[in-house]
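Each chain, written out:
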Amino acid sequence: MKTAIIIASLLGLASCAPKVNLKDEIEIQDCGSKVDIMSITFDQCSSFPCIVHQGETATGQVTMQASAATNTLTCKIVGIILGGVELPFNGCPLNACDHLSTGDCAVEEGELLVYDMSIPILDVYPKLEITGKWMLKDDAGENFLCFTIPMKIEA
């Protein structure tokens, strides 16, 4: 009986312990995906806008479950500035299949995927607030994955 009480007490304490999160999970802002986005982590960002610094590389991960199949995944990022103008945001490795830490291409419907994001924030980028629109395009050039992240570029 004492053992059961001790185990129940330990389980109760464990459920009260703070969650250790080495990466910061952010709100999902889906912009038309063929996947179920389970989580997005963006290093050193837990609220919007995410602060990124010139000369550094912004990193994170997207965990998702495919709702459709595709043989290829091509990365594209645009920055949306005031007025909804989309500007190309270079630095996204085109072959996104090479950046899957879980899953692979060809992607099968129902497959669990973890995509490792990495984008250099170049010194030439202006210091401003911008919405990053991150897309992985499928074989047909349609959005397999699409999400937005409000960001602020600082020195």
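Residues numbered from 1 in each chain as written. Predicted model: local features only at pLDDT ≥ 70, side-chain atom pairs only at ≥ 80, totals over all residues. Heavy atoms only, no water.

Moving on, we get to the confidence of the model for the protein. Residues at a pLDDT of 70 or more form 85% of the protein, whose mean pLDDT is 85. Of all secondary-structure elements in the protein, the lowest mean pLDDT belongs to helix 1 (residues 2–16), at 34, while strand 7 (residues 100–102) reaches the highest, 98. (pLDDT = per-residue confidence, 0-100. Helix = DSSP H or I, 4+ residues; strand = E, 2+ residues; numbered from the N terminus.)

Quick look at the side chain of Asp-138 now. Inspection of the secondary structure assignment puts Asp-138 in the loop between strand 9 (129–137) and strand 10 (143–154). Here Asp-138 falls in the buried class, since its relative accessible area comes to 8%. Side chain to side chain, Asp-138 and Lys-34 meet in a polar contact 2.6 Å long. Once residues within four sequence positions are removed from consideration, Asp-138 is found in contact with Lys-34, Thr-70, Thr-72 and Phe-144. (Buried < 20%, exposed > 50% of the residue type's maximum accessible area, 1.4 Å probe, protein only. Polar contact = N/O pair within 3.5 Å; in protein donor to acceptor, adjacent residues only side chain to side chain. Contact = heavy atoms within 4.5 Å.)

This brings us to the pairing of strand 4 (residues 56–66). Pairing analysis gives seven bridges linking strand 2 (residues 35–42) to strand 4, with the strands arranged antiparallel. Bridge pairing links Ile-40 to Val-62 in strand 4. Relative to strand 8 (residues 112–121), strand 4 is paired through ten bridges, and the arrangement is antiparallel. When the sheet's bridge partners are listed, Thr-57 is paired in strand 8 with Pro-120. (Pairing = 2+ DSSP bridges.)

With that out of the way, let us pick up the nonpolar core. Phe-42, Phe-89, Tyr-115, Trp-134, Leu-136 and Phe-147 are the most contacted members of the largest nonpolar core, which has 36 residues in total. Those elements giving two or more residues to this core turn out to be strand 2, strand 3 (50–53), strand 4, strand 5 (74–81), strand 8, strand 9 and strand 10. Here this core takes six residues from strand 10, the largest share from any one element. What Trp-134 contacts, discounting residues up to four positions off in sequence, is Cys-75, Lys-76, Ile-77, Cys-92, Tyr-115, Met-117, Ser-118, Ile-119, Leu-145, Cys-146 and Phe-147. (Core = buried A, V, L, I, M, F, W, Y, C linked by side-chain atoms within 4.5 Å.)

Taken as a whole, the largest pocket encloses approximately 160 Å³ of empty space. The wall of the largest pocket is formed by Gly-79, Ile-81, Leu-87, Pro-88, Phe-89, Asn-90, Tyr-125, Pro-126, Leu-128, Ile-130 and Ile-153. Elements supplying a minimum of two residues to the lining of the largest pocket: strand 5 and strand 6 (85–88). Residue classes in the lining of the largest pocket are distributed as nine nonpolar, two polar and no charged. (1 Å grid on protein atoms, 1.4 Å probe; cavity = no way out; pocket = protein on both sides within 12 Å on 5 of 7 lines; lining within 4 Å. Points joined across faces, edges and corners; volume = space filled by probe spheres on them. Nonpolar A, V, L, I, M, F, W, Y, C, P; charged D, E, K, R; others polar.)

Tallying each qualifying case throughout the model produces one cavity of 30 Å³ or more. Space inside the largest cavity adds up to approximately 60 Å³. Forming the walls of the largest cavity are Ile-77, Phe-89, Ile-119, Gly-132, Lys-133, Trp-134, Ile-149 and Met-151. Elements represented by at least two residues in the lining of the largest cavity include exactly strand 9 and strand 10. Looking at which element gives the most residues to the lining of the largest cavity, the answer is strand 9, with three residues. When its residues are assigned to classes, the lining of the largest cavity shows six nonpolar, one polar and one charged.

Remark on secondary structure: sheet strands pair via backbone hydrogen bonds, oriented parallel or antiparallel. Strand order in the open sheet formed by five strands is 1-2-4-8-7, and the pairing between neighbours is antiparallel. Because the sheet does not close on itself, it has two edges, and the strands there are strand 1 (25–26) and strand 7.

Turning to the state of the cysteines, a few remarks are in order. Defined simply, a disulfide is a covalent bond joining two cysteines at their sulfur atoms. In total, this model carries four disulfides according to the counting rule given. Between Cys-45 and Cys-50 runs a disulfide, and the two sulfur atoms are separated by 2.0 Å. What sets the handedness of the Cys-45 and Cys-50 disulfide is the S-S torsion sign, and at about -70° it is left-handed. A single burial state applies to Cys-45 and to Cys-50, both of which are buried. The side chain of Cys-75 participates in a disulfide bridge whose partner is Cys-92; the two sulfur atoms lie 1.6 Å from each other. Since a negative S-S torsion denotes a left-handed disulfide, the Cys-75-Cys-92 link at about 125° is right-handed. (Disulfide = S-S within 2.5 Å.)

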